[in-house]
Structure formats: C-alpha cells, structure tokens
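# Reading the structure
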Amino acid sequence: MFKRGHQGAALLLTAPLTALFGVIGLFMTIAAFLTCRTPDLDLPEYRLGVLSHRGWTHTIWFAVIVAAAAFIMGAGLAFPIVGIEGWVVGAVVALAAYLGVLSHLFADALTKGRGKHAIRPLYPLSASPMRLDLISSGSRIWNTAFFVLGLLTQIAALIYWSSPSIF
Ligand SMILES: [Zn+2]
C-alpha cells in the first residue's frame, strides 16, 4: 500500500473514536494519521539500509515501540500546555499511535505481498504471514479509494458525534 492508502486506512480505523469522543477522537485520528506510515521507514528511499522492507517494522512489537515514543512525546509536550495530567495525554496519544501502526499492518495485509513481501506481524513469535491477497499495493485506484473512504467515514463520524439523531 502507498502513502494515500495507508492514510485512508488510519482514517477508517479511527473513525469510531471520532464518532464516540468528538474532539478527543479527532485528536487521536491526527496522531494515528501521523504515525501510520512509520513502518515504511524501511523503504529504500529512507536509506536505512539495515532494514529490509516489510521486515520487523511491520510487526506489533514495532507498534509498541512507536506507542512508547508517542507516550513520552504526548506526556512531555502536552502537560504544560493543556493542564491535564501528562500521563493521560501520553496514554491517549500512545493508543492512537498504536492504532496508526496497526492500520498500516492491516492495509499491507490486504495486498498480494508474495514471498518476502508478506508481512509477519507476530515475528519472531510466529512466522505465519498475514496476507489476504486482495489488492495490489501499487494500485492507484485502491490507494485513492481508501483515502476517500477514510475521509468520508471521518466526516460521517463527526456528523454523528455532533448530532446522533441524524442517523
Ligand atoms: Zn508497509
């Protein structure tokens, strides 16, 4: 999956949070949106040669690392600004970041991902690939469709939050 597809998947996965929690859900959506592409730091364009594409950055353990980093940033930055307990903001941001990385794994799992390109989210605990073989990762149509669907779902979620009676 490409950039737009991953962003769309993050928007989709966090839409229920927007529907339930309004502004806080939107805040979590933004955090997930910003972290959803971190697993692809293993792409050659970032020149981190030690990482092979769709390797360990495409696991749930990497999601935990990103969430931990998000916790520290959230707790550290938010406390003096918002006046809420730092760890609360940190925990909210960490959960959102975790979902952001999970949305990446789900989106990549939808793709063909043959051979080395199959993601193994539980590696090294389990080497079984998660691959649904539904779409081609480079498909412009699918990537755009995901992005548009994600945006529309978020808009619907916001409308639901502001006046649930419409639905
Ligand atoms: Zn990826």
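Let me sum up the structure you'll find in this document.

What counts and how
Per chain, the residues get numbers from 1 upward, laid out in the order the sequence is written. The predicted nature of this model means local features are confined to residues of pLDDT at least 70 and side-chain atom pairs, given and counted, to a pLDDT of 80 or more, with totals for whole chains, interfaces and linings taken over all residues. Hydrogens and water molecules were not included; the side-chain quantities draw on all heavy atoms of the structure. Only nitrogen, oxygen and sulfur atoms within 2.8 Å of the metal, or 3.2 Å for Na, K and Ca, are treated as donors, and water is left out, so sites may look incomplete. Irregular is the default label, applied whenever a site is not tetrahedral (four donors, all angles between 85 and 135 degrees) and neither square planar nor octahedral (four or six donors, opposite donors over 155 degrees apart, all other angles between 65 and 115). Under the DSSP-based scheme used, a helix requires at least four consecutive residues in state H or I and a strand at least two consecutive residues in state E, with every element numbered from the N terminus. Summary of the burial criterion: residues with accessible area below 20% of their type's maximum are buried, those above 50% are exposed, and those between are partly exposed, where the area comes from a 1.4 Å probe applied to protein chains only. A helix's residues, less one, multiplied by 1.5 Å, set its expected span. Note that the bend at a residue is defined as the angle between axes fitted to the seven residues ending at it and the seven residues starting at it. Throughout, a residue-residue contact means that at least one pair of heavy atoms, one from each residue, lies within 4.5 Å. His residues and chain termini do not enter the charge count, which takes Lys and Arg as positive and Asp and Glu as negative. Counted as salt bridges are all cases of a side-chain nitrogen of Lys or Arg within 4 Å of a carboxyl oxygen of Asp or Glu. As used in this structure description, the phrase polar contact means that two N or O atoms lie within 3.5 Å; if the pair is within protein, one of them must be able to donate a hydrogen and the other to accept it, and residues adjacent in sequence are counted only when both atoms belong to side chains. What we call a nonpolar core is a set of buried Ala, Val, Leu, Ile, Met, Phe, Trp, Tyr and Cys residues that are connected through their side-chain atoms within 4.5 Å.

## Here we look at the coordination of the zinc ion
Distances from the zinc ion to its protein donors, namely Asp40 (OD), His58 (NE2), His104 (NE2) and Asp108 (OD), fall within the range 2.1 to 2.3 Å. Around the zinc ion, the four donor atoms are arranged such that angles at the metal cover 90 to 175 degrees; this shape is classified as irregular. In the primary sequence, the donor residues of the zinc ion line up as D-x17-H-x45-H-x3-D. Here the residue aspartate 40 occupies a position in the loop between helix H2 (23–35) and helix H3 (60–82), and histidine 58 occupies one in the loop between H2 and H3, the gap between them amounting to 18 residues. By relative accessible area, aspartate 40 is classed as buried at 5%. A relative accessible area of 0% places histidine 58 in the buried class.

## Overview of helix H1 (residues 3–21)
Taking 1.5 Å per residue, 19 residues should reach 27 Å; H1 reaches 26 Å between its end C-alpha atoms and fits that length. Where H1 bends most, at threonine 14, the angle is about 40 degrees, and the proline proline 16 comes one to four residues later. Of the residues making up H1, those classed as buried are Gly5, His6, Gln7, Gly8, Ala9, Ala10, Leu11, Thr14, Ala15, Leu17, Thr18 and Ala19. If you follow the buried residues of H1, they end up packed against H2, helix H4 (86–109) and helix H5 (140–162). Looking one or two residues past H1, glycine 22 carries a phi angle of roughly 60 degrees, positive in sign.

## Things to note about the side chain of aspartate 42
Here aspartate 42 lies in the loop between H2 and H3. Buried and without a salt bridge, aspartate 42 has arginine 54 as its closest oppositely charged side chain, separated by 7.2 Å. A polar side-chain atom of aspartate 42 sits 2.7 Å from a polar atom in the side chain of histidine 53. Side-chain polar atoms of aspartate 42 contact the side chain of histidine 58, separated by 3.3 Å. Aspartate 42 has contacts with Leu51, Ser52, His53, Arg54, Gly55, Thr57 and His58, leaving out every residue within four places of it along the chain.

## A few points about the nonpolar core
By size, the foremost hydrophobic cluster in this structure holds 14 residues, and its most contacted members are Val66, Val93 and Val101. Those elements that provide at least two residues to this core are H2, H3 and H4. With residues near it in sequence (within four places) discarded, valine 66 still touches Thr35, Thr38, Ala97 and Val101.

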